[in-house]
Structures are given as C-alpha cells and as structure tokens.
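# Chains, contacts and geometry: an overview
Listed below are the residues making up each chain.
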Amino acid sequence: MSEKLSFVNPTPTSPWGTYLQQVDRVMPYLGDLAKWAETLKRPKRALIVDVPIEMDDGRIAHYEGYRVQHNMSRGPGKGGVRFHPDVTLEEVMALSAWMTVKTAAVNLPYGGAKGGIRVDPKKLSLKELEKVTRRYTSEIGIIIGPHTDIPAPDVNTNGQIMAWMMDTYSMNTGGTATGVVTGKPLHLGGSLGRVKATGRGVFVTGREAARRLGLDLRGARIAVQGFGNVGSVAAELFVEAGAKIVAVQDHTGTIVNEKGLDLAELIPVSRTPAGAVSFKGGDVVPNEAFWDVPCDILIPAALEGQITAARAKKTTAKLVLEGANGPTVPEADDILAERGVLVVPDVICNAGGVTVSYFEWVQDFSSFFWDEDEINVRLDRIMMNALNQIWDTADKHKISLRTATYAVACERILMARQERGLYP
Ligand code: GLU
C-alpha cells in the first residue's frame, strides 16, 4: 500500500536497513496491530538544517544538521544529538527509530527522536563548538521544546553542549526552559546519576543476563569497544563485580592485556587526545585483532554496524551487551543466535541513559531534585522490570531478546497509534 521512502537508500547492513529488518522480524508477533506497523517504517518528521559559523580564522564554514522525530504516539520526541563527521540523515533516522522502540521498551512516556551534526568536534576550538551548537539549536528550535521534543547527549556531546542548547532555546523563547534538554550540568537542572546511567544500565542488564546464563562475573573476561561515557562506566562496574577487562578499543586503537587492564590508570589516559593506545599497561594490537581476543562478554559501545557477519563468526563471547545503538547487523544477529551467543539488544541494554533523562525531565518540571540513591534504585527497578518482561516474551514465543523487545515495545507504540486514530 505504501511507497518506499525516496530520501534514503538503505542496504542490508546500513543503520536504516538494519532497523527495517528488525521491524520485519517482529511482524508475526503483532497480531491485529500489524495493520499499523507501516508507521514504524517512516519518520513522522525530518528536518535538515544548514549550520553556518564564522571560524576563529575568519572563514565561514557550513555544517549539515538534522533532527528527526520518528514517532510521537506515546509522548514527546526524545533522543540525543550526535556530533560526528560521518553522520547522515539515514543514520539519524535509524537512531531516532531505535529511540522510539527503546522508550517504549522501558515504558517511558516518550516517542523517539534523534539529532546530529556532520562535524568533527575534535577539529573545532571551544568557541567554534559553542557556535555550532547554538546555531544548530536555533535552527531546530522550531520543532524542539520541553513538551514536544527533548534532546540529550550522544556520541561526542556532553553536559556543556546541553547547557548551550538549553541557553539558546531559552534565549529564543524568553524564559529559562530547563526541561528542553536532558543530560545538563547539575546546577542547571541536571540529575544526579545521569552521566553514569547508560553504563549502569548496561551493567544491570548484563549482570542479570549473565546470571541467567550461569556465567560467573568473577574472573569473566570482557572486551569493550568504545571507551566513552558508556563503555568505560560499564567496564568499571563489571570490574567491581569481579570481572576483568581484557581488551579496549577506542578511536585511537586497540589495547589488550589478558590479565586485565588497570582501569584506574587507563580511564584518565583514554580521556586525553592520545587515547587508550598511549596507555602503557597493555599491548597495542591492530584494530581487527580486537574481535579475536578470547573473552566471555563483548560490549560494543561505539557506533553502528560493528558486529558484522565475519566478526560474529569468530567471537568467543557467550554474551553480547549492546551499549551502542545498532552495533549488530541482522546477518550477524542470526549467526550469533545459531552459535548460542546471547545478545542483550541496544533497545533495552543501553536504555539506562534515557531512563535517567526521564527522571531529570520530571525533576525539572517539579523543581524538586532526588538524591543519587533514589535515582539508582528507580533506574535498576525499571531496567529489571523491563528486562524480565522481555525475557518472558522471548521464552513464550521462542524468539531472540531483540525481537521480544520489539514485540513488547511495538505493541505499546501501535496500540497508542490505534487508540489515537488517524487525523483527520
Ligand atoms: N543518546 C542516548 C541514547 O541513545 C540518550 C538519549 C536521551 O537521554 O534522550 O539512548
């Protein structure tokens, strides 16, 4: 009944192509709601903006920015903003769709959205970064807002960038709208626990998955790809639980130590421009060798499409925890399933970030702030309840955790769609 979208050209391994296949796989489990499922295969709204700024040397540079609102059936759009030189509209569309599924999977009253700028922030001065952020915010200001669409940090964005976004939106609207973005600094309406929330959620879901597999975390070997806010925090929590981190890959390269990398020393080094490979407590190996390092748990916490068919065939991991969004292509998903490797999918595994974003937003509106224990107790409870429900669905239909998460989430999204009805 519906034409294919004209403005993207998905492939079987591209982010939007991956997402479309994930939706196709849940169709048999949607019952009568399948009638509404086409709505999941197209974004509600996609905005492309020009972001011109004057550079420090006087040149004028133009960057391409996006904000995609994939679905708002259950509530305002929600999702991060990514600064990366390879960002495309198609990628942001997929990321926004994964937010729709994620917020529904943990039952937050949100839809899904995502934004991005095609820029390498490492090549900008602080002033240029601020200008890019502010002009982008102003351009997407026509569709974001505390009750319509709430951005947050993602790859290469942080609390300072959220502060500039909040300020720019507030300047343009004449008030102080703390609820327009989440992941803000603490004294600007940020929430305790937000910075570590995504990594914590990866740990909480991973610990439960390991328990169900009978995999003892004490002595478990873990390989982590991506050592930012998600990978490094999850790594620390697993080490506290007795595991060891045997391999870390970041944008500078790959470092391994089969006895376990010393995180107290590695983390500060990895935050410097020289990155993880400048750490002396391990051996630097070629990037492709990361996938051969013997491990029990693999945590992809970088970008999409990293677990390819070839890499899925060779990993020794028994458990994959998707800290990143969209790290596993569908063919690799099948290979992992055939090989008996359990995958905790992104749309539940990394949902801790948006869950504490939700807490932040609620606190901003009530102007009453919770202590960190309360945040973490509520986060753990939401993650565990969601995971248990997904696990029951997976057992009932004998399907993967990914398809089960989509089944739980898509039922909520499409039920809302059906109950709201079509306008006009
Ligand atoms: N960027 C994070 C994600 O992919 C968090 C989004 C949010 O907090 O809105 O889930």
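Parameters at a glance
Residues numbered from 1 in each chain as written. Predicted model: local features only at pLDDT ≥ 70, side-chain atom pairs only at ≥ 80, totals over all residues. Heavy atoms only, no water. Helix = DSSP H or I, 4+ residues; strand = E, 2+ residues; numbered from the N terminus. Axes fitted to C-alpha atoms, helices over the stretch in contact; angles between N-to-C directions. Parallel < 35°, antiparallel > 145°, perpendicular 65-115°, else oblique. Left-handed = near helix turned anticlockwise from the far one by under 90°. Contact = heavy atoms within 4.5 Å. Nonpolar A, V, L, I, M, F, W, Y, C, P; charged D, E, K, R; others polar. Phe/Tyr/Trp six-rings, centres within 6.5 Å; stacked < 30°, edge-to-face > 60°. Buried < 20%, exposed > 50% of the residue type's maximum accessible area, 1.4 Å probe, protein only. Core = buried A, V, L, I, M, F, W, Y, C linked by side-chain atoms within 4.5 Å. Near = heavy atom within 4 Å. Polar contact = N/O pair within 3.5 Å; in protein donor to acceptor, adjacent residues only side chain to side chain. Areas by Shrake-Rupley, 256 points an atom, 1.4 Å probe, with all protein chains shown as cover. Expected span 1.5 Å × (residues − 1).

## Observations concerning unusual backbone geometry
- Residue Pro424 follows Tyr423 across a cis peptide bond; omega there is 5 degrees.
- Mapped onto the elements, Pro424 comes out in the segment after α13 (401-420).
- Although it is not a glycine, Asn156 sits at a positive phi angle of roughly 65 degrees.
- Relative to the assigned elements, Asn156 resides in the loop between β6 (149-150) and α4 (159-173).
- Not every positive phi belongs to a glycine, and Lys398 is a case in point at roughly 55 degrees.
- With respect to the secondary-structure elements, Lys398 resides in the loop between α12 (372-397) and α13.

## Some details on the packing of helix α3 (residues 126-140) against α4
- Between α3 and α4, the least distance of the axes is 9 Å, while the angle of their chain directions is 45 degrees. Compared by their axis directions, α3 and α4 come out oblique. The two elements α3 and α4 meet at a crossing, and its hand is right-handed. Note on element contacts: α4 touches α3 through Ile161, Trp164, Met165, Asp167, Thr168, Tyr169 and Asn172, opposite Leu126, Leu129, Glu130, Thr133, Arg134, Tyr136, Thr137, Ser138 and Ile140.
- Partitioned by chemical class, the residues of the contact of α3 with α4 number eight nonpolar, five polar and three charged.

## What to know about the packing of aromatic side chains
- Going through the model one piece at a time under the given rule, you end up with nine aromatic pairs.
- When the centroid spacing of 5.0 Å and the interplanar angle of 85 degrees are considered together, the rings of Phe290 and Trp291 count as edge-to-face.
- For Phe290, a relative accessible area of 1% translates into the label buried.
- Taking the relative accessible area as the measure of exposure, Trp291 reaches 4% and is therefore buried.

## A few points about the nonpolar core
- Judged by nonpolar contacts, the single largest core of 60 residues is most densely connected at Val248, Ile299, Leu319 and Leu321.
- Top element by residues in this core is α12. It accounts for eight residues.
- Excluding anything up to four places from it in sequence, Leu319 contacts Gly206, Ala209, Ala210, Leu213, Leu215, Asp296, Ile297, Leu298, Val341, Leu342 and Val344.

## So, the site of the ligand
- Taken together, 14 residues are adjacent to the ligand, and Lys78, Lys102, Pro153, Asp154 and Ser357 come closest.
- At a separation of 2.9 Å, a nitrogen atom of the ligand approaches a polar backbone atom of Pro153.
- Protein coverage of the free-state accessible area of the ligand, which is 300 Å², stands at 95%.
- Secondary structure elements with two or more residues in the shell around the ligand: α2 (89-105) and α11 (352-366).
- Each residue belonging to the shell around the ligand can be placed in one class, and the counts come to four nonpolar, five polar and five charged.

## Observations regarding α11
- Counted at 1.5 Å a residue, the expected span for α11 with its 15 residues is 21 Å, and the 21 Å between its end C-alpha atoms agrees.
- Buried residues dominate α11, accounting for eleven of its 15 residues.
- Those residues of α11 that sit buried are Gly352, Gly353, Val354, Thr355, Val356, Ser357, Phe359, Glu360, Trp361, Gln363 and Asp364.
- Residues of α11 that are buried sit in contact with β3 (77-78), α2, β6, α5 (194-213) and α12.
- At the exit of α11 stands Ser367, carrying a positive phi of roughly 50 degrees.

## A word on the packing of α2 against α13
- Axis separation between α2 and α13 bottoms out at 8 Å; the angle between their running directions is 90 degrees. Taken together, the axes of α2 and α13 lie roughly perpendicular to each other. In this structure, α2 contributes Trp98, Thr100, Val101, Ala104 and Ala105 to the contact, and α13 contributes Thr405, Tyr406, Ala409, Arg412 and Ile413.

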